[in-house]
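Understanding the architecture of this molecule
For reference, the chains in residue letters:
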Amino acid sequence: MNIKTVWSDLETTIKEMESGRGDWNNHVATARAGIELLFEYPSEQIVEHIRKSGWPVKGVVKWLVHEAGQFGGVDPARLDELNRALLNMD
């Protein structure tokens, strides 16, 4: 799976969560899996896909770091790396 597909699936899941359609627990599991998959890619690629999405980059990065930190599915060093990539984008 490539990052474009992972990002697209995560966006779709988030939009469905916001709409209230579908099974909430399934959406949460899908979003968590998508977040974990995103962190398999370099932080610069993650930031670039957020930027292309039109979503607020800083807000989404902070959300990804928070969520991944909450469920413990991502190495804390990767969370720090994504935060550093955010700082370096300015």
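This is a predicted model, so every value here is computed, not measured. (Residues numbered from 1 in each chain as written. Predicted model: local features only at pLDDT ≥ 70, side-chain atom pairs only at ≥ 80, totals over all residues. Heavy atoms only, no water.)

What to know about the pattern of salt bridges
The tally for this structure, following the rule as stated, stands at two salt bridges. Across the pair Glu 48 and Arg 51 runs a salt bridge whose closest N-O atoms are separated by 3.3 Å. Here Glu 48 pairs with Arg 51, and both are found in helix α3 (residues 43–53), just three residues apart, close to one helical turn. Accessibility expressed as a relative area gives 31% for Glu 48, which makes it partly exposed. (Salt bridge = Lys/Arg side-chain N within 4 Å of Asp/Glu carboxyl O. Helix = DSSP H or I, 4+ residues; strand = E, 2+ residues; numbered from the N terminus. Buried < 20%, exposed > 50% of the residue type's maximum accessible area, 1.4 Å probe, protein only.)

Regarding the confidence of the model for the protein
Chain-level pLDDT for the protein is 91 on average; 98% of the residues reach the 70-or-more range. Within the protein, helix α2 (residues 24–38) carries the highest mean pLDDT (94), whereas helix α5 (residues 76–88) carries the lowest (89). (pLDDT = per-residue confidence, 0-100.)

Thoughts on the nonpolar core
Of all hydrophobic cores here, the largest spans 26 residues; its most connected members are Leu 10, Phe 39, Ile 50, Val 61, Leu 64 and Leu 82. Of all the secondary-structure elements, those providing two or more residues to this core are α1 (3–19), α2, α3, α4 (57–71) and α5. The contact partners of Leu 10, leaving out residues within four places of it in the chain, are Ala 31, Ile 35, Leu 38 and Leu 64. (Core = buried A, V, L, I, M, F, W, Y, C linked by side-chain atoms within 4.5 Å. Contact = heavy atoms within 4.5 Å.)

Here we look at the side chain of Arg 78
Along the chain, Arg 78 falls in helix α5. Looking at Arg 78, its side chain comes within polar contact range of the main-chain oxygen of Tyr 41, at 2.5 Å. Polar contacts involving the side chain of Arg 78 include one to the side chain of Glu 81, which spans 2.6 Å. When sequence neighbours within four positions are dropped, the list of residues in contact with Arg 78 reads Leu 38, Phe 39, Glu 40, Tyr 41, Pro 42, Ser 43 and Ile 46. (Polar contact = N/O pair within 3.5 Å; in protein donor to acceptor, adjacent residues only side chain to side chain.)

Topic: the packing of aromatic side chains
Remark: the centre distance and the inter-plane angle together describe each pair of aromatic rings, the angle taken between the planes. In total, this model carries one aromatic pair according to the counting rule given. Relative to Trp 55, the ring of Trp 7 lies with its centre 6.4 Å away and its plane at 70°, an arrangement referred to as edge-to-face. Taken together, the positions of Trp 7 in helix α1 and Trp 55 in the loop between α3 and α4 put the pair 48 residues apart, joining distant regions of the chain. (Phe/Tyr/Trp six-rings, centres within 6.5 Å; stacked < 30°, edge-to-face > 60°.)

Comments concerning the packing of α1 against α3
In the contact formed by α1 and α3, the axes pass within 11 Å of each other and the chain directions differ by 50°. What the angle tells us is that α1 and α3 run oblique. The way α1 lies across α3 gives a crossing that is right-handed. Together, Ile 3, Lys 4, Trp 7 and Glu 11 of α1 and Gln 45, Ile 46, His 49, Ile 50 and Ser 53 of α3 make up the contact between the two elements. In the contact of α1 with α3, the residues fall into four nonpolar, three polar and two charged. (Axes fitted to C-alpha atoms, helices over the stretch in contact; angles between N-to-C directions. Parallel < 35°, antiparallel > 145°, perpendicular 65-115°, else oblique. Left-handed = near helix turned anticlockwise from the far one by under 90°. Nonpolar A, V, L, I, M, F, W, Y, C, P; charged D, E, K, R; others polar.)

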